[in-house]
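Chain by chain, the residues:
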Amino acid sequence: MKMRALATDLPLMFVDVAIVAGEVTILEGISLTIVPGAPTVLIGPNGSGKTTLLRAAMGLIPATRGGITWGGRQFSPPDHRAILFQRPVMLRRSAAGNVRYALAMAGVPREERAQRAADLLADVGLQGLERRPARRLSGGEQQRLALARALARHPALLFLDEPTASLDPAATKAIEDIVRAISARGVKVVMSTHDLGQAKRIGGDVVLLHRGRLIESGPAFEFFGNPRTEDARKFVAGELLV
């Protein structure tokens, strides 16, 4: 990985945040601080609010109540943040063309884009596929290409919404290896997952959400070794939260 990011948007703080859409409360009373370090992993059942929290952290959704701050600022343009959705859209161009487009959007000079695109594709293990139409890549390859596009922004904060959902074990391991490498370079990764094994493997901190509320958060080894709340104990044990 040939990148270095400055964590200018950290700490990322949610203070008693609620997000309401119409008559539906999606998040309620969320207070959470995300600091530099190993990945923060969001877990919880479907509909728990993980995706909404990531979108709010990116700045795509405003808080209905409460406040969100990035590096102590209430308003911070997303120049140092990037988000990867569960089903990224591939542009109708080659793998390299997708990355060059992202570099152009990030303001990278035209004469630097070809080399930067090649470097980013190598970083995510797609060297040799530069000319392959993006929509002809496998699901795992498309996710890695989406990661390369996100990294074109040199983010200090990278939000990943279930990036390995529906991928086979080999493709999942490839994504996890990239996430570890990104994190080792100083980029703060905040990632949602349904996979408790994945949360154990890569999580520095774990945040459990259920029905839009933060149930428990803390270092991964403490969360999995000695959960404090009944809901967390049930979830770790594989029971359903209703």
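This report concerns the structure included in the present document. These numbers were taken from a predicted model, which means no experiment stands behind them.

**A short note on the pattern of salt bridges**
The tally for this structure, following the rule as stated, stands at ten salt bridges. A salt bridge links Glu230 to Arg233, with the shortest nitrogen-to-oxygen separation between them at 3.0 Å. Taken as a pair, Glu230 and Arg233 lie in helix α8 (residues 230-236) at a separation of three residues, close to a single helical turn. The class for Arg233 is partly exposed, based on a relative accessible area of 38%.

**Some words on the sheet that holds strand β9 (residues 213-219)**
Pairing is mixed in the open sheet, where six strands are placed in the order β5-β6-β7-β3-β8-β9. Only two strands of the sheet have a single partner each, and these edge strands are β5 (81-84) and β9. Across the sheet, the axes of successive neighbouring strands diverge by a mean angle of 15°, strand direction being ignored. In terms of strand pairing, strand β8 (residues 205-210) meets β9 through six bridges, oriented antiparallel. Note that in β9 the partner of Leu208 across the bridge is Glu216.

**A closer look at the nonpolar core**
Within soluble globular proteins, side chains that are nonpolar tend to cluster in buried spots. In terms of nonpolar packing, the biggest core is built from 48 residues, with Ile43, Val99, Leu145, Leu147, Leu158, Leu160 and Ile182 touching the most fellow members. Looking at this core, the element that brings in the most residues is helix α4 (residues 139-151), giving six residues. Leu32, Leu54, Met58 and Val190 belong to the second largest nonpolar core, which has 23 residues in total.

**As for the pairing of strand β1 (residues 12-21)**
Bridge analysis of β1 against strand β2 (residues 24-34) gives seven bridges, and the strand direction is antiparallel. By the bridge assignment for β2, Ala21 is matched with Val24. Counting the residues between successive antiparallel strands, the hairpin from β1 to β2 contains two residues, one of them, Gly22, with a positive phi of roughly 65°. Where β1 meets strand β4 (residues 65-70), five bridges bridge the pair, whose relative direction is antiparallel. Bridge assignment links Phe14 to a residue of β4, and that residue is Ile68.

**Quick look at the pairing of strand β6 (residues 157-161)**
Taken across its five residues, β6 has five buried, putting it largely inside the fold. Of the two faces of β6, both are covered, the one formed by Leu157, Phe159 and Asp161 as well as the one formed by Leu158 and Leu160. The pairing of β5 with β6 spans four bridges and is classified as parallel. Of the residues in β6, the one forming a bridge with Ile83 is Phe159. Sheet topology note: the β6/strand β7 (residues 188-192) ladder contains five bridges and is parallel. Bridge pairing in β7 links Leu157 to Lys188.

**Focus: the environment of Leu214**
For Leu214, the position within the fold is in strand β9. A residue is classified by how much of its surface remains accessible, and Leu214, at 23% relative accessible area, is partly exposed. The contacts of Leu214, once residues within four sequence positions are left out, are Ile30, Ser31, Leu32, Val207, Leu208 and Leu209.

**Things to note about the side chain of Glu141**
With respect to the helices and strands, Glu141 occurs in helix α4. Despite its burial, Glu141 pairs with no opposite charge, the nearest such side chain being Arg144 at 4.5 Å.

**Points about the packing of helix α2 (residues 95-105) against helix α3 (residues 110-123)**
Put simply, α2 and α3 touch, their axes get as near as 9 Å, and they point 115° apart. Judged by the twist between their axes, the crossing of α2 over α3 is right-handed. Residues Ala95, Ala96, Val99, Arg100, Leu103 and Ala104 of α2 form the contact with α3, whose participating residues are Arg113, Ala114, Arg116, Ala117, Leu120 and Leu121. Considered class by class, the residues forming the contact of α2 with α3 number nine nonpolar, no polar and three charged.

**Some details on α4**
For α4, with 13 residues, the first-to-last C-alpha span of 19 Å sits near the 18 Å given by 1.5 Å per residue. Counting buried positions along α4 yields twelve of 13 residues, so the element is predominantly enclosed. Taken residue by residue, α4 has Gly140, Glu141, Gln142, Gln143, Arg144, Leu145, Ala146, Leu147, Ala148, Arg149, Ala150 and Leu151 as its buried positions. Contacts from the buried residues of α4 go to β5, α2, α3, β6 and α5 (169-184).

What counts as what
- Residues numbered from 1 in each chain as written.
- Predicted model: local features only at pLDDT ≥ 70, side-chain atom pairs only at ≥ 80, totals over all residues.
- Heavy atoms only, no water.
- Salt bridge = Lys/Arg side-chain N within 4 Å of Asp/Glu carboxyl O.
- Helix = DSSP H or I, 4+ residues; strand = E, 2+ residues; numbered from the N terminus.
- Buried < 20%, exposed > 50% of the residue type's maximum accessible area, 1.4 Å probe, protein only.
- Pairing = 2+ DSSP bridges.
- Axes fitted to C-alpha atoms, helices over the stretch in contact; angles between N-to-C directions.
- Core = buried A, V, L, I, M, F, W, Y, C linked by side-chain atoms within 4.5 Å.
- Contact = heavy atoms within 4.5 Å.
- Lys, Arg positive; Asp, Glu negative; His and termini not counted.
- Left-handed = near helix turned anticlockwise from the far one by under 90°.
- Nonpolar A, V, L, I, M, F, W, Y, C, P; charged D, E, K, R; others polar.
- Expected span 1.5 Å × (residues − 1).

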